[in-house]
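Observations on the model geometry
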Amino acid sequence: EAGVVQSPRYKIIEKKQPVAFWCNPISGHNTLYWYRQNLGQGPELLIRYENEEAVDDSQLPKDRFSAERLKGVDSTLKIQPAELGDSAVYLCASSPGGAAGELFFGEGSRLTVL
Amino acid sequence: AQSVAQPEDQVNVAEGNPLTVKCTYSVSGNPYLFWYVQYPNRGLQFLLKYITGDNLVKGSYGFEAEFNKSQTSFHLKKPSALVSDSALYFCAVRALYSSASKIIFGSGTRLSIRP
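Notes on the structure follow. (Residues numbered from 1 in each chain as written. Chains lettered and ligands numbered in written order. Predicted model: local features only at pLDDT ≥ 70, side-chain atom pairs only at ≥ 80, totals over all residues. Heavy atoms only, no water.)

Overview of the sheet that holds strand S7 (residues 65-68) of chain A
Residues and elements named next belong to chain A. An order of S1-S3-S8-S7 is seen for the four strands of this open sheet, with the pairing classed as antiparallel. Pairing within the sheet leaves two strands with one partner each, and these edge strands are strand S1 (5-7) and S7. The sheet shows a mean angle of 15° between the axes of neighbouring strands, direction not considered. Taken together, the four bridges between S7 and strand S8 (residues 75-79) define a ladder with antiparallel strand orientation. By the bridge assignment, Ser 66 is partnered in S8 with Lys 78. (Pairing = 2+ DSSP bridges. Helix = DSSP H or I, 4+ residues; strand = E, 2+ residues; numbered from the N terminus. Axes fitted to C-alpha atoms, helices over the stretch in contact; angles between N-to-C directions.)

Printed below as a string of structure tokens:
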């Protein structure tokens, strides 16, 4: 069974440029998460989807971040414009649903903003 | 509000010795508790979870964790450490019966096993 796939793995951009990250969850997983992980810290939730509905986006900086999950499968996270402080690893995770289910993480997309 | 604390930034253990990585939590009601491991330049991998039942939970790679409700702790343990256990370990908590609640991760503990 294929795991959660993310791309790109690494991205270097200059500040004020846009960037987008893509995630393909495990087949059949209805719940999809985007987390941001700063160096030496734990992941922090940006947004959670149940199918195509964003059910928790309270931590998403909506002035510059946007996300979508069309058709309830793949998801894209966009930053426009990027700031220096956005440098981090962006992790996508999926789960079958339910509060007891563990999360399955992708390998992450490391963003460096110069 | 939910929170989880990992009081040790780093734990150093000699190979073959037992290891413990500490985690305490705060949540309204009963918790779901998780441990994840992260190897360099990789995503997090699930190790084990406590939902209900036996307080001692066994997971992958010989790890286990003990849920202690009175101390609100969920420490990760392994009887005999391996060099390959060296990684970053995260504890996470979620409120029971609340699918709307977030999964909150701790700040992580770096485990270093010396040969």
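Points about the pairing of strand S4 (residues 31-37) of chain A
Residue and element names in this part refer to chain A. By the criterion of burial, S4 is predominantly enclosed, with seven of the seven residues buried. Side-chain alternation along S4 places Thr 31, Tyr 33, Tyr 35 and Gln 37 on one buried face and Leu 32, Trp 34 and Arg 36 on a second face that is also buried. As judged from the six bridges shared by S4 and strand S5 (residues 44-50), these two strands associate in the antiparallel manner. Residue pairing for S5: Tyr 35 is matched across the bridge by Leu 45. Strand direction decides the pairing type here: S4 and strand S9 (residues 88-95), joined by seven bridges, are antiparallel. When the sheet's bridge partners are listed, Tyr 33 is paired in S9 with Ala 93. (Buried < 20%, exposed > 50% of the residue type's maximum accessible area, 1.4 Å probe, protein only.)

Topic: the interface of chain B and chain A
How big an interface is tends to be expressed through the accessible area that disappears when the partners come together. Between chain B and chain A, the residue contacts involve 21 residues of the former and 25 residues of the latter. Together, the buried faces of chain B and chain A total about 1800 Å²; carbon and sulfur atoms form 51% of this surface. Applying the counting criterion to the chain B and chain A interface returns two salt bridges. Here Lys 49 of chain B and Glu 102 of chain A are joined by a salt bridge, their closest N and O atoms 2.9 Å apart. Run the count over chain B and chain A and you get five residue pairs in polar contact (both at pLDDT 80 or more). Those elements giving two or more residues to the side of chain B that touches chain A turn out to be strand S5 (31-38), strand S6 (44-50) and strand S10 (87-95) of chain B. When residues in the side of chain B that touches chain A are grouped by element, the largest group, four residues, is from S5 of chain B. (Contact = heavy atoms within 4.5 Å. Buried area = accessible area lost by both parts, 1.4 Å probe. Salt bridge = Lys/Arg side-chain N within 4 Å of Asp/Glu carboxyl O. Polar contact = N/O pair within 3.5 Å; in protein donor to acceptor, adjacent residues only side chain to side chain.)

In short, geometric facts, not functional conclusions.
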